Amino acid sequence: MMNPHDISAVYSTPATGKRGRLGVKAHGAVQGVGFRPFVYRLANELGLAGWVINSSQGATIEVEGDADSLTEFLRRLQADKPLPCVLHDLTSVFLPAQGDTSFVIRDSNAEGPKTAVVLPDLAICADCLREIFDPTNRRFRYPFTNCTNCGPRFSIIEGLPYDRTRTTMKLFSMCAACHAEYDNPSDRRFHAQPNACPRCGPHLELWDATDNVRATHEDTLHATADALRRGVIVAAKSLGGFHLLVDASNQEAVLRLRRRKLREEKPFGLMYPDLEAVQRDCQVSSEEERLLCSPEAPLVLLRRRPGDGIAPAVAPCNPYFGVMLPYTPLHHLLLAEVGFPIVATSGNRSDEPICTDQHEALTHLGGIADVLLIHNRPIARPVDDSVVRIVLGHEMVLRRARGYAPYPVPFGEPPRPLLAVGGHQKNTIAAAVGCQVVVSQHIGDLDTPLAFESFRRAIADLSHLYELEPEAVACDAHPDYLSSRHAEKMGLPVVRVQHHYAHVRACMAEHGLSEPLLGVAWDGTGFGPDGTVWGGEFLRILNGGFERVAHFRTFRLPGGERAVRQPRRSALGLLHELLGEDAFANEDLAPLRTFSSRERDLLHTMLRSGLNAPWTSSAGRLFDAVAALLGIRQEASFEGQAAMELEFVVEGTAEVGTYPFHIGESGIIDWGPMIRAILRDIALGSATGTIARRFHDTLAEIIMAAARLSGENVVVLTGGCFQNAYLLEQTVMRLREGGFRVYWSQRIPPNDGGVSLGQIAAAASTGRRTE
Ligand SMILES: [Zn+2]
Ligand SMILES: [Zn+2]
Ligand SMILES: [Zn+2]
């Protein structure tokens, strides 16, 4: 498996002492990062003639001069390349000299298969930041300042190779000053495709909800800052879509935003003016600080400090804030002006896709925002903010979008041309492009027609960008997922991939792991081939397939999908499996108390008859059930809320041992003894935190026991449940002590955002098996 930072170089021997010519093909992330200007400067410095051109795969170079300089050129091409640039592969051959006398940058070559790496959008660099706050600079206070080291990429690219005419910046023609920079090889903006200035580039406007222009250009920033100070909700067009902004300390304004956005309790992201302000409100480790200030600039989950000045409605019942720093010049200018943290949440209603166009925003966000801060640089595709958490000293990407997508995952053997349509929740799609897999940006839950439309657009977009001609399409084994149904209609052979197997394959692809190994995939829901709902799975990966070596004892979910938003239903199903009719006798248990007698009768009938009460082995629902039994949460406003709160109460409790459990011969993990012990602890009045910690520690012990039984010594931990930092830490610690090699999802989300990558990997290994 190839590491993205390695170079596999194939050199020919230089002809010493003679004039020669060298042809170089550079594959990787070289477009839009100042690679060609770098090559130009290097060639000139070494007195070499020739040319460089962007190609559909990366860049092609031919240089001519004495042999020593050519060797030095090759060495420095790798050693001194610009920082954001990553070479996947560099091949070179010696050619006969042709007598070139100067070095030129040629126009891009659009021929050939499209495998060049499209770079993600990058946060503003230090040099550009200095310029926008320098009153003597011609870009003073210009919100669209960028250079080859920073700025928009993925959100403006319409086609490959990456050139201004194939970006949304084609609408703006550069003024003489910008053109001079663009043409000057020693300038930071040499061939910076989105280069612009106040004279020739995009500009701002402030609209009210009926599209009256309230302010333009420079006045817009003052007017927007003023609106935010007054608690007004602002829809602001950013890099990859709209944000909804409001003063984060204004409880009334935040509640108003929640009401209008139809978002009850899911935490809102925050944007702080600077790092110092973040450190006042949150604990920030050095790793978290690096991430906040990185070119990816994601929302980072940070532990709040007591006494922060943030409105309680921003993140109810949550000890963490999702925090990011300004990442565009526009954000920097706005935040410097207001001087306080603001809510910056995706510009959409509830879980719909993020809005990208100002006219569309008038319709979709008009009822939410009071004013719209817009600009006239079109956004080629929606790209949300990424969400990252630091766990065990490593970043764990929970939502992969801006800054990360569409950076590809290198793949050992080139897979056949495949497309994968992902799952249903937190959907992403993926495609095998050359010897790498491109995973799309986060698309979202495919629950609404708008979300489904956005999913279809993403498929068309990826297909167009990379000129995909897939041989087959991979989808989830669930026949009713909209993504699976869409795959059926594409007129291609369909490869159905079991959900948890896809989770494990995604994590394997991320780390370049090969079979055999044990995959532990724990999440809320996934279609099981035996007709039950899977979700607490131990899969041995071998021979391009999997074997289910262990799973949780099943229980019924009364009301099926409705149990996702009602942890108390999982609790009742669990109790019914354990105690039978006696489950209903525990009337003083928290989940039972909250049902009316009518509801109880109905649930009783469902559980007895099994109608609309599917069996599940889901670990996510087990978390829900325990959270409900402990009285932490009976009804959830988003999936995983109860499990998250169960993790939060563990905080600060001392080590207190584990509960008993039993693994049967057929690999069925019986949680019965554990739940009986939890019920005893509840009856004894043990502290909630203590019980929660014992529950988590028991789960880690269960994984350890199942790993021993499997006989494998490599273990992969993935699925939404492993977003739980305490569970992951405890499990990794135990497995490492037990001598296992442990891997978990990091750059590719453990949740369903990683499923599309896993589908490609699974379909590719199936192909290999049958060949
Ligand atoms: Zn810059
Ligand atoms: Zn200009
Ligand atoms: Zn899943």
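Everything quoted here is computed from the prediction, not taken from an experiment. (Residues numbered from 1 in each chain as written. Chains lettered and ligands numbered in written order. Predicted model: local features only at pLDDT ≥ 70, side-chain atom pairs only at ≥ 80, totals over all residues. Heavy atoms only, no water.)

So, on to the overall build of the chain. Each helix and strand counted, the chain has 22 helices and 33 strands in total. For a compact globule of 771 residues, the expected C-alpha radius of gyration is about 28 Å, and the chain comes in at 28 Å, within 12% of that figure. For the C-alpha atoms alone, the extent of the chain along its principal axes is close to 90 × 65 × 50 Å. Here the chain holds 771 residues, and the buried ones make up 62% of them. (Helix = DSSP H or I, 4+ residues; strand = E, 2+ residues; numbered from the N terminus. Rg over C-alpha atoms; globule rule 2.2 N^0.38 Å. Buried < 20%, exposed > 50% of the residue type's maximum accessible area, 1.4 Å probe, protein only.)

What follows covers the sheet that holds strand 22 (residues 436-439). With mixed pairing, six strands are arranged side by side in an open sheet as 19-22-21-20-23-24. Edge positions in the open sheet fall to strand 19 (409-410) and strand 24 (494-497), since each of these has one partner strand only. Pairing geometry for strand 20 (residues 418-420) and strand 21 (residues 430-433), over two bridges, is antiparallel. Note on strand 21: the bridge partner recorded for Ala-420 is Ala-430. (Pairing = 2+ DSSP bridges.)

Here we take up the coordination of the zinc ion (ligand 3). Note on metal sites: the ideal angle is 109.5 degrees for four tetrahedral donors, and 90 or 180 degrees for six octahedral donors. In this structure, His-499 (NE2), His-503 (NE2), Asp-523 (OD) and Asp-752 (OD) serve as the protein donors to the zinc ion (ligand 3), at separations of 2.0 to 2.2 Å. Here the zinc ion (ligand 3) binds four donor atoms, and the angle range of 88 to 161° at the metal identifies the geometry as irregular. Mapped onto the sequence, the residues coordinating the zinc ion (ligand 3) show the spacing H-x3-H-x19-D-x228-D. You can see His-499 and its partner His-503 sitting in helix 13 (residues 499-511), four residues apart, about one turn around the helix. (Donors = N, O, S within 2.8 Å, 3.2 Å for Na, K, Ca; no water. Tetrahedral: all angles 85-135°; square planar, octahedral: opposite > 155°, others 65-115°.)

For the rest of this paragraph, the subject is the environment of Tyr-481. Structurally, Tyr-481 can be placed in the loop between strand 23 (472-476) and helix 12 (482-488). For Tyr-481, a relative accessible area of 12% gives the class buried. Residues Tyr-481 and Gly-423 lie 58 residues apart in sequence; the distance between their C-alpha atoms is 7.2 Å. Not counting chain neighbours up to four residues away, the residues in contact with Tyr-481 comprise Gly-423, His-424, Asp-476 and Thr-525. (Contact = heavy atoms within 4.5 Å.)

What follows is about the coordination of the zinc ion (ligand 2). Coordination sphere of the zinc ion (ligand 2), protein contribution only: Cys-175 (SG), Cys-178 (SG), Cys-197 (SG) and Cys-200 (SG), at 2.2 to 2.3 Å. Every donor residue of the zinc ion (ligand 2) comes from the same chain, spaced as C-x2-C-x18-C-x2-C. Cys-178 carries the same exposure label as Cys-175, and that label is buried.

Along the polypeptide, Glu-639 turns up in the loop between helix 17 (619-629) and helix 18 (641-650). Between the C-alpha atom of Glu-639 and that of Lys-266, which follows or precedes it by 373 residues, the distance is 9.7 Å. The residues contacting Glu-639, other than those within four sequence positions of it, are Gln-425, Gly-524, Val-564, Arg-565 and Arg-621. Side chain to side chain, Glu-639 and Gln-425 meet in a polar contact 2.8 Å long. (Polar contact = N/O pair within 3.5 Å; in protein donor to acceptor, adjacent residues only side chain to side chain.)

Once that is clear, we can look at the pairing of strand 33 (residues 741-744). A regular strand places its side chains so that they alternate between the two faces of the sheet. Of the two faces of strand 33, the one lined by Val-742 and Trp-744 is fully buried and the one lined by Arg-741 and Tyr-743 carries no buried residue. Looking at chain direction, strand 32 (residues 714-718) and strand 33 are connected through four bridges and run parallel. Bridging from a neighbouring strand, Val-715 pairs with Val-742 of strand 33. A crossover connection joins strand 32 to the parallel strand 33 through helix 21 (residues 725-737); in handedness this β-α-β unit is right-handed. (Right-handed = clockwise from strand over helix to strand, strands pointing away.)

Attention shifts here to the pattern of salt bridges. Oppositely charged side chains can form a pair if their charged atoms are brought close together. For the structure on display, the rule yields 54 salt bridges. Between Glu-218 and Arg-141 there is a salt bridge; the shortest N-O distance is 2.4 Å. Residue Glu-218 is found in helix 5 (residues 217-229), and its partner Arg-141 is found in the loop between helix 3 (126-132) and helix 4 (176-183); the two are separated by 77 residues along the sequence. Here Glu-218 falls in the partly exposed class, since its relative accessible area comes to 31%. Between Glu-252 and Arg-256 there is a salt bridge; the shortest N-O distance is 3.0 Å. (Salt bridge = Lys/Arg side-chain N within 4 Å of Asp/Glu carboxyl O.)

Counting 136 residues, the largest nonpolar core has Trp-522, Phe-538, Ile-675 and Leu-717 as the members making the most contacts within it. Ranked by residues supplied to this core, first place goes to helix 20 (residues 688-710) with nine residues. In terms of nonpolar packing, the next biggest core, distinct from the first, is built from 43 residues, Ala-253, Val-284, Cys-355 and Leu-362 among them. (Core = buried A, V, L, I, M, F, W, Y, C linked by side-chain atoms within 4.5 Å.)

Running from N to C, helix 5 and helix 9 (residues 329-338) point in directions that differ by 55°, and their axes come no closer than 9 Å. By the criterion of interaxial angle, the relationship of helix 5 to helix 9 is oblique. Note that helix 5 runs across helix 9; the crossing there is right-handed. Between helix 5, through Leu-221, His-222, Thr-224, Ala-225, Leu-228 and Arg-229, and helix 9, the contact on the second element is made entirely by Leu-330, Leu-333, Leu-334, Glu-337 and Val-338. (Axes fitted to C-alpha atoms, helices over the stretch in contact; angles between N-to-C directions. Parallel < 35°, antiparallel > 145°, perpendicular 65-115°, else oblique. Left-handed = near helix turned anticlockwise from the far one by under 90°.)

Let us now look at the packing of aromatic side chains. Under the counting rule described, the total for this entry stands at 13 aromatic pairs. Ring plane angle 75° and centroid distance 6.1 Å describe the contact between Tyr-40 and Phe-103, whose orientation is recorded as edge-to-face. Placement of Tyr-40 in helix 1 (residues 35-45) and of Phe-103 in strand 6 (residues 103-105) is noted, with a sequence separation of 63 residues between them. A relative accessible area of 5% means that Phe-103 is categorised as buried. Centre to centre, the rings of Tyr-320 and Phe-648 are 5.8 Å apart; their planes meet at 35°, and the pair counts as tilted. With Tyr-320 in strand 14 (residues 320-324) and Phe-648 in helix 18, the pair connects residues that are 328 residues apart, well separated along the chain. You'll find Tyr-320 and Phe-648 in the same group, each marked buried. Three or more aromatic residues joined by ring pairs make a cluster, and in this case those are Trp-522, Phe-538, Phe-552 and Phe-722. (Phe/Tyr/Trp six-rings, centres within 6.5 Å; stacked < 30°, edge-to-face > 60°.)

Turning our attention to the side chain of Arg-36. The residue Arg-36 is located in helix 1 in this model. Of the residues examined, Arg-36 reaches a relative accessible area of 5% and is grouped as buried. Dropping the residues within four chain positions of it, Arg-36 is found in contact with Val-52, Ile-53, Asn-54, Ile-105, Arg-106, Ser-108, Asp-163, His-191 and Gln-193.

This part takes up the environment of Gly-672. Considering the arrangement of structural elements, one finds Gly-672 in helix 19 (residues 672-684). Relative accessible area serves as the criterion here: at 3%, Gly-672 is assigned to the buried category. For Gly-672, the residues in contact, after removing those within four places along its chain, are Arg-553 and Leu-578.

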